[in-house]
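Understanding the architecture of this molecule
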Amino acid sequence: MQHEITRAIPLLDGEGNLAEAGFARRLLPVYRRADIKASKLRIKEWDYYLINNGRFALALTVDDNGYMGLDSISLLDFQEGWEITKSPMSFMPLGKLKMPESSARGDVFHAGKNYSISFVNRGDGKRTLIAQMKNFGPGGSLYAKVELTEEPEESMVICTPFSKPGHFYYNQKINCMRASGSVLYDGRSYDFDPAESFAVLDWGRGVWTYHNTWYWGSASYHVDGVPFGWNIGYGFGDTSAASENMLFYKGKAHKLSRVKFNIPGNEKDFMSPWTFSSDDGRFEMDFVPVLDRASCTDIKLIKSDQHQVFGRFTGRAVLDDGQVIEVKDFPGFAEKVENKW
């Protein structure tokens, strides 16, 4: 079953539960933090951007998890086979970051000792991302400024309930935004050309249960000059109303059913080739990993074990009208993350 939400509605009812579970092609349900009935300690709000051209990538996160905040800057060089991630934490933000209640407009800013991250979105079709951090790595400080344009008309939006009352996840993934700008680090300039550089926004708001494992994959690039990409994933909440699997082509979204991540070695051998298969036969891919951005924080009550694996996809995807899109060495990533949070 794939239930589509087609009208603007309040996201939550009077008890703080989802008013309607399912997917949408635009950010139709209206999120208001004040409508949440759960403790402020349990509310999670984040904006995550990834800019990738297949040779190098930049990832930026601002995350308010209620009892803790997490900001993150990652620079990844796939040709040389290295990545640097710095993720300073803050204590008890509890909504003080004032994350926007819509992805359509609203600025995000957070700073700490020797770093700052800024996402500027005035609703004019352009997003500006700026990040700086002293002593980012062995090469010294990092400065990044990237501009995102040509946001597609449609995106992946999903309202996922959990079995626990008052718990939900509201998520939008905007793929295939063109990116221009640069990252300065270690005496080098990593330049993003909008002809080949694309970004995805992972915009998440919700109240999560304590222990979850999720699988997420995303790709944004072009086929014969036409922007193409996908969002795939599963692993948490009640997805009986809809999955989050979707293709994007020429700015339009094409809904998929279920997609399975086949990770080798009993889901522990992350750097061997993976495969992906769908129950409707519309997404069949091989995946050759290039770099595993792995991290594990385990302090008993709080745990995050992450494997975000970047690489290249080869295979086929079928649009809603039956058109087959074939890709070869298509840049993207797939991840498995276990959280106790």
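In short, a report on the structure. As the structure is a prediction and not an experimental result, all values here were calculated from the model. (Residues numbered from 1 in each chain as written. Predicted model: local features only at pLDDT ≥ 70, side-chain atom pairs only at ≥ 80, totals over all residues. Heavy atoms only, no water.)

Another point: the overall build of the protein chain. Looking only at helices and strands, the protein chain features one helix and 23 strands. Taken over the C-alpha trace, the protein chain has a radius of gyration of 19 Å; the compact-globule value for 341 residues is 20 Å, and the two agree within 12%. Overall size of the protein chain, expressed as C-alpha extent along the three principal axes, is 55 × 50 × 45 Å. The buried share among the 341 residues of the protein chain stands at 55%. Look at the contacts in the protein chain between residues 6 or more apart in sequence, and 56% of them connect residues 24 or more apart. Just so you have it, the protein chain exposes about 14000 Å², and 52% of that area is on carbon and sulfur atoms. (Helix = DSSP H or I, 4+ residues; strand = E, 2+ residues; numbered from the N terminus. Rg over C-alpha atoms; globule rule 2.2 N^0.38 Å. Buried < 20%, exposed > 50% of the residue type's maximum accessible area, 1.4 Å probe, protein only. Contact = heavy atoms within 4.5 Å. Areas by Shrake-Rupley, 256 points an atom, 1.4 Å probe, with all protein chains shown as cover.)

Before going further, it helps to spend a moment on the side chain of threonine 128. Of note, threonine 128 is situated in strand S9 (residues 127-137). On the basis of relative accessibility, which here comes to 14%, the residue threonine 128 falls in the buried class. Beyond its immediate sequence surroundings of up to four residues, threonine 128 is in contact with Ser118, Phe119, Val120, Lys145, Val146 and Glu147.

So, about the environment of leucine 291. You can see leucine 291 is positioned in strand S21 (residues 283-298). Look at leucine 291 and you get buried, because its relative accessible area is 9%. Sequence separation between leucine 291 and glycine 166 is 125 residues, and the spatial gap between their C-alpha atoms is 38 Å. Setting aside anything within four residues of it in sequence, one finds leucine 291 in contact with Leu76, Phe78, Gly81, Trp82, Glu83, Met271, Gln308, Val309 and Phe310.

Turning next to the packing of aromatic side chains. Ring pairs (aromatic) are described by centroid distance and by the angle formed between their planes. Under the defined criterion, the tally for this structure stands at 41 aromatic pairs. Plain terms: the ring middles of phenylalanine 78 and phenylalanine 310 are 5.3 Å apart, the flat faces sit at 35 degrees to each other, and that makes the pair tilted. Of this pair, phenylalanine 78 sits in the loop between strand S4 (68-77) and strand S5 (82-86) while phenylalanine 310 sits in strand S22 (residues 303-318), placing them 232 residues apart in sequence. For the pair phenylalanine 78 and phenylalanine 310, one class covers both residues: buried. Each ring, one from tyrosine 234 and one from phenylalanine 261, has its centre 5.4 Å from the other, and the planes form 80 degrees; the classification is edge-to-face. You can see tyrosine 234 sitting in strand S16 (residues 226-234) and its partner phenylalanine 261 sitting in strand S19 (residues 259-262), a full 27 residues away along the chain. (Phe/Tyr/Trp six-rings, centres within 6.5 Å; stacked < 30°, edge-to-face > 60°.)

Under the criterion given, the structure shown has three cavities of 30 Å³ or more. Quantified by volume, the largest cavity comes out at close to 100 Å³. Taken together, 15 residues line the largest cavity, and the ones lying closest to its centre are Leu50, Asn52, Phe198, Ala219 and Ser220. Contributions of two or more residues to the lining of the largest cavity are made by strand S2 (43-52), strand S14 (198-207), strand S15 (211-223) and strand S23 (324-340). Per element, the largest residue contribution to the lining of the largest cavity is four residues, and it comes from S15. (1 Å grid on protein atoms, 1.4 Å probe; cavity = no way out; pocket = protein on both sides within 12 Å on 5 of 7 lines; lining within 4 Å. Points joined across faces, edges and corners; volume = space filled by probe spheres on them.)

Let's shift gears to the sheet that holds strand S17 (residues 246-249). Pairing is antiparallel across the open sheet formed by nine strands, whose spatial order is S18-S17-S16-S15-S23-S22-S21-S20-S19. A strand with exactly one partner marks an edge of an open sheet, and here the two such strands are strand S18 (252-255) and S19. Neighbour-to-neighbour, the strand axes of the sheet open up by a mean angle of 20 degrees, direction not taken into account. (Pairing = 2+ DSSP bridges. Axes fitted to C-alpha atoms, helices over the stretch in contact; angles between N-to-C directions.)

Together, Tyr210, Ile299, Leu301 and Ile302 line one region of the surface with nonpolar side chains, adding up to about 400 Å² of accessible area. Mapped onto the elements of the fold, tyrosine 210 is located in the loop between S14 and S15. For tyrosine 210, a relative accessible area of 37% puts it in the partly exposed group. (Patch = residues over 30% accessible without salt bridge, like charges linked within 9 Å, V, L, I, M, F, W, Y side chains within 5 Å. Salt bridge = Lys/Arg side-chain N within 4 Å of Asp/Glu carboxyl O.)

The next thing to look at is the nonpolar core. Of all hydrophobic cores here, the largest spans 47 residues; its most connected members are Ile51, Leu58, Ile73, Leu148 and Phe168. Top contributing element to this core by residue count: strand S12 (residues 168-185), with seven residues. Beyond its immediate chain neighbours, meaning those up to four positions away, leucine 58 contacts Tyr49, Leu50, Ile51, Ile73, Ser74, Ala144, Val146, Val183 and Phe192. Counting residues in each nonpolar core, the second largest holds 29 residues, with Val223, Phe228, Tyr249 and Phe283 among its members. (Core = buried A, V, L, I, M, F, W, Y, C linked by side-chain atoms within 4.5 Å.)

The next thing to look at is the side chain of serine 257. Tracing the chain through its elements places serine 257 in the loop between S18 and S19. In this structure the side chain of serine 257 is engaged in a polar contact, spanning 3.1 Å, whose partner is the side chain of aspartate 279. Apart from residues lying up to four places away in sequence, serine 257 is in contact with Gln2, Ser243, Asn245, Asp279 and Asp280. (Polar contact = N/O pair within 3.5 Å; in protein donor to acceptor, adjacent residues only side chain to side chain.)

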